[in-house]
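# Understanding the architecture of this molecule
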Amino acid sequence: MEPHLSVVVPMYDEAEVLPVLVSRLRGVLDSVPGLDGSYEVVAVDDGSRDATPVLLQRYRREWPQLRVLRLRTNAGHQAAISAGLTAARGDWVVTLDADLQDPPEVLAEMLAVAEDRGVDVVYGVRTDRSTDSLFKRQTARAFYAVMRAAGARDLPSGAGDYRLMSRATVNAVNALPETHRVLRLVVPSLGFPSATVGYRREERAAGRSKYPLARMVRLSVDALTGFSLAPLRLATWFGVGGFVAAVLLFGYALVAKWQGHAVAGWTSTVTIVAAVGGVQLLCLGILGEYVGRIYAALQGRPTYYVAYDSLTSSPGQDDAPARAATPPEAAPPAADAPDGPRTTARH
Ligand code: UDP
Ligand code: MG
């Protein structure tokens, strides 16, 4: 029987936090009113290099609802969530970070709100981010402001990747052909009726953040180029501005020549050359981002490869990666190593 609720938890090198996560999440899920154990926890092991896979197998023995989905390589947070969404079977699916920054207790409230109000999506909204660093808060605020200015108007303020989605929503997300999707933007854009539930963002329970600055920048660029043509238009506006400036300068140069005084300086020339060069490089970069996305879309290469799914492996094979039995239409098999485990892959 399909579970009522799936909890997708992406994890990358989270061995330190796993014991706390398992006991707290299990406590919450076992006591959600009316759920009666009809849930699955899809732990997406995003190619961890520490003891995460070993610990997961251990916990699985005593927690029947725990399901382990192992990706072959580190695919990144968003791709790991996508892998979990594709695998999840529940009528409702909630995505949750492993580090307990988003308290699992809120999950029961999300489910209640969704069922009471008849909405498809319930966003967890961080009402208090005082435990995040000032830098993280400021960059997050800038991210939401830029995204809203770029046209993502229905983006709920302060919503991260803690959200509950109905089966219809998850199916709609899974059906999108887009690679490198940023779910916190994609889900609102689908237009399903939604509600929000506020919560306080907590301190990471253990371990270190897996989101260095470079990854945050990547996520923002993916978000912006995946959602808006505004940067491309920006390039056009730079071009128009540059052209107008060039015409004016030409006029000025002619006037200066007629009036007989030589163009004064070197400084202005250098400034102009540098400015024009800078704008051109910026525009090229913007174009490059979009060309890169077109290239990635044309290649159609999956953003993750599933190496193992505990649900479809036969009993006794717990510790050995088994053949994944995802239907072929849902997941075209990736290029297989002849002696390696079968893998399935999706965007
Ligand atoms: N994560 C992942 N793959 C990655 C990086 C992170 O699955 O390549 C997971 C990580 O284990 C955690 C969640 O994504 O459950 C959010 O990461 P983290 O807490 O490090 O980010 P932060 O909260 O610092 O932004
Ligand atoms: Mg975190």
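Residues numbered from 1 in each chain as written. Chains lettered and ligands numbered in written order. Predicted model: local features only at pLDDT ≥ 70, side-chain atom pairs only at ≥ 80, totals over all residues.

## What to know about the overall build of the protein
Using the following cut-off: Only DSSP runs of H or I covering at least 4 residues are called helices, and only runs of E covering at least 2 are called strands; the numbering of each starts at the N terminus. Residues with at least 20 other C-beta atoms within 10 Å of their own are called buried, those with 12 or fewer are called exposed, and the rest are partly exposed. The C-beta atoms themselves are positioned from the backbone. We call two residues in contact when the distance between their C-beta atoms, placed using the backbone, is within 7 Å.
Regarding its fold elements, the protein presents 10 helices and 9 strands. Counting every position in the protein, which comprises 347 residues, the buried fraction comes to 33%. Long-range pairs, those at least 24 residues apart, make up 80% of the contacts in the protein between residues at least 6 apart in sequence.

## Some details on the site of ligand 1
Cut-off, in case you're wondering: A molecule or strand has a residue near it when that residue's C-beta atom, placed from backbone coordinates, lies within 6 Å of it. Amino acids are sorted into nonpolar (Ala, Val, Leu, Ile, Met, Phe, Trp, Tyr, Cys and Pro), charged (Asp, Glu, Lys and Arg) and polar (every other residue, Gly among them).
Near ligand 1 there are 16 residues, and of these Pro-10, Tyr-12, Ala-98, Ser-209 and Lys-210 occur at the shortest range. Secondary structure elements with two or more residues in the shell around ligand 1: β1 (5-11) and α3 (77-87). For the shell around ligand 1, the class distribution of residues is 6 nonpolar, 5 polar and 5 charged.

## Side note on the packing of helix α9 (residues 230-258) against helix α10 (residues 266-299)
This is how the line gets drawn: Helix axes use the C-alpha atoms of the stretch in contact, all axes being lines fitted to C-alpha atoms, and the angles between their N-to-C directions lie in the range 0 to 180 degrees. Angle categories are assigned with fixed cut-offs, so that under 35 degrees is roughly parallel, over 145 is roughly antiparallel, 65 to 115 is roughly perpendicular, and the rest are oblique. Here a crossing is taken to be left-handed if its near helix is turned anticlockwise relative to the far helix by less than a right angle, and right-handed if that turn runs clockwise.
Where α9 meets α10, the closest approach of the two axes is 9 Å, and the angle between their N-to-C directions is 155°. With respect to α10, the axis of α9 lies roughly antiparallel. Like other packed secondary-structure pairs, α9 and α10 cross with a definite hand, here left-handed. Along its contact with α9, which presents Pro-231, Leu-232, Leu-234, Ala-235, Phe-238, Gly-239 and Gly-242, the element α10 presents Val-276, Val-279, Cys-283, Ile-286, Leu-287 and Tyr-290.

## Here we look at the environment of Arg-137
Note on placement: Arg-137 falls in helix α5 (residues 134-149). Looking at Arg-137, the number of C-beta atoms within 10 Å reads 15, which means it is partly exposed. Each C-alpha atom of the pair Arg-137 and Gly-158 lies 9.9 Å from the other, and the pair is 21 residues apart in sequence. Once you skip the residues sitting within four places of it in the chain, Arg-137 turns out to touch Arg-129 and Asp-132.

## Some words on α5
Rule in force here: For a helix, the expected span equals 1.5 Å multiplied by the number of residues minus one.
Compared with the 22 Å implied by 1.5 Å per residue over 16 residues, the 22 Å span of α5 between its first and last C-alpha is a close match. Gly-151 sits one or two positions beyond α5 and adopts a positive phi of about 120°.

## Thoughts on the nonpolar core
Operational definition: Each nonpolar core consists of buried Ala, Val, Leu, Ile, Met, Phe, Trp, Tyr and Cys residues. Their C-beta atoms, within 7 Å, join them into a set.
In terms of nonpolar packing, the biggest core is built from 57 residues, with Val-9, Val-42, Ala-43 and Val-44 touching the most fellow members. Sort the elements by how many residues they give to this core and α3 lands first, with 6 residues. If we skip the residues at most four places from it in the chain, Val-44 touches Val-8, Val-9, Pro-10, Met-11, Leu-69, Leu-71, Ala-80, Ala-83 and Gly-84. Within the second largest apolar cluster, 8 residues are counted, among which are Met-147, Ala-152, Val-182 and Leu-224.

## Some details on the confidence of the model for the protein
Using the following cut-off: A score between 0 and 100, pLDDT records how confident the predictor is in each residue.
Residue-level pLDDT values for the protein average 85, and 89% of them are 70 or greater. Taken as a whole, residues 316-343 scores under 50 in pLDDT and shows 44 contacts with residues more than four places along the chain or in a different chain.

## Some points on the environment of Val-279
Looking at where Val-279 falls in the secondary structure, it is placed in helix α10. With 16 C-beta atoms counted inside 10 Å, the residue Val-279 sits in the partly exposed group. Linking Val-279 and Ala-235, residues 44 residues apart in sequence, is a C-alpha distance of 8.3 Å. Residue contacts for Val-279: discarding those within four places in its chain leaves Phe-238 and Gly-242.

## Side note on the packing of α5 against helix α8 (residues 213-227)
Direction vectors running N to C along α5 and α8 enclose 10°, while the axes themselves pass 11 Å from each other. Comparing the axis directions of α5 and α8 gives the class roughly parallel. On the side of α5, the interface is formed by Thr-139, Phe-143, Val-146 and Met-147, while α8 contributes Met-216, Ser-220, Ala-223, Leu-224 and Phe-227. Considered class by class, the residues forming the contact of α5 with α8 number 7 nonpolar, 2 polar and no charged.

## Focus on unusual backbone geometry
Despite not being glycine, Asp-13 has its phi angle at roughly 55°, a positive value. Structurally, the position occupied by Asp-13 is in the loop between β1 and α1 (18-30). What makes Asp-13 partly exposed here is the crowd of 19 C-beta atoms within 10 Å. The phi angle at His-180 is positive, at roughly 50°, despite the residue not being glycine. In this structure, His-180 sits in the loop between α6 (167-175) and α7 (183-189). Under the C-beta neighbour-count criterion, His-180 is labelled buried, with 21 such atoms within 10 Å.

## Focus on the pairing of strand β5 (residues 121-128)
Operational definition: Two strands make a pair as long as DSSP finds a minimum of two bridges between them.
With 4 bridges connecting them, β5 and strand β6 (residues 159-166) associate as antiparallel partners. Among the inter-strand pairings, Val-121 is bridged to a residue of β6, identified as Met-165. The pairing of β5 with strand β7 (residues 194-200) spans 7 bridges and is classified as parallel. Bridging across to β7, Tyr-123 finds its partner in Thr-196.

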